[in-house]
Amino acid sequence: MGLQSEVLCRLAARGSLFRVLFLSMIVMGLLIGAVFPFFMVALGLPSGMVFRPSFFGACVLAGLLVGEINYLLARFVLAIPLKNLAGMAERVASGDLKDGGDLFCSREL
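Each chain carries its own residue numbering, running from 1 in the written order of its sequence. At least 70 in pLDDT is required for a residue's local features to be given in this predicted model, at least 80 for side-chain atom pairs to be given and counted, and no such filter applies to totals for whole chains, interfaces and linings, which use all residues. Here the side-chain values reflect all heavy atoms present in the structure, with hydrogen atoms and water set aside.

A. Examining the overall build of the protein more closely. What counts as a helix is a DSSP run of H or I of at least four residues, what counts as a strand is a run of E of at least two, and both are numbered from the N terminus. Along the backbone of the protein there are four helices and zero strands. Reading the protein from its N terminus to its C terminus gives the helix and strand order α-α-α-α. Every one of the 109 residues in the protein was classed for burial, and the buried ones make up 17%. Exposed residues in this analysis have more than 50% of their type's maximum accessible area, buried residues have under 20%, and partly exposed residues fall in between, with area computed by a 1.4 Å probe over protein chains only.

B. How the structure looks around the confidence of the model for the protein. Averaged over all residues, the pLDDT of the protein is 83; the fraction at 70 or higher stands at 83%. Scored between 0 and 100, pLDDT is the confidence that the predictor attaches to each residue. Looking across the protein, the model is least confident in helix α1 (residues 3-14), with a mean pLDDT of 71, and most confident in helix α2 (residues 17-42), with 91.

C. Local environment of the packing of aromatic side chains. Ring pairs are drawn from Phe, Tyr and Trp, using the six-membered ring of Trp, whenever the two centres fall within 6.5 Å, and their geometry is named by plane angle: stacked under 30 degrees, edge-to-face over 60, tilted for the rest. According to the stated counting rule, one finds two aromatic pairs in the structure shown. Considering the side-chain rings of Phe-22 and Tyr-71, the 4.9 Å spacing of their centres and the 75° angle between planes classify their relative orientation as edge-to-face. In this pair, Phe-22 sits in helix α2 while Tyr-71 sits in helix α4 (residues 53-93), placing the two residues 49 residues apart along the sequence. With a centroid separation of 5.1 Å and an interplanar angle of 55°, the aromatic rings of Phe-38 and Phe-51 are classed as tilted. With Phe-38 in helix α2 and Phe-51 in the loop between α3 (47-50) and α4, the pair connects residues that are 13 residues apart, well separated along the chain. Residue Phe-51 is classed as partly exposed on the basis of its relative accessible area of 36%.

Here is the structure:
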C-alpha cells in the first residue's frame with residue numbers, strides 16, 4: 001500500500017477524513033482568494049483599486065465561501081454512499097450475505 005493510501009486509511013479510521021477535507025478546501029479557497037487580485041492586475045485592472053482592503057477582503061471572503069461550499073457539496077455527495085457502504089460492510093461482517101439493495105439509490109427508480 002502506498003504512503004498516500006496509508007495516510008488516508010489512518011485518517012478514515014480515526015474519523016477525521018472529512019475534517020481534513022474541510023481544512024484542505026478552506027485553505028485552498030483562502031489561497032485562491034488571496035492570489036485572485038494579482039491576476040486582476042495582470043489582466044489590466046488598476047492596482048490602486050485591486051489592492052484596496054475592501055476588494056482584497058472580498059476576494060478572500062469569496063474564496064472562503066467557495067471552499068465551504070465545495071466541502072458541503074463533497075460531504076453531501078460522499079457521506080450518504082459511504083454510510084451505506086459501511087452499513088453493508090457491517091452486515092457482511094456479521095454474516096448477512098443477502099442482497100440489501102443498491103448502494104446509491106433504490107431499484108424502483
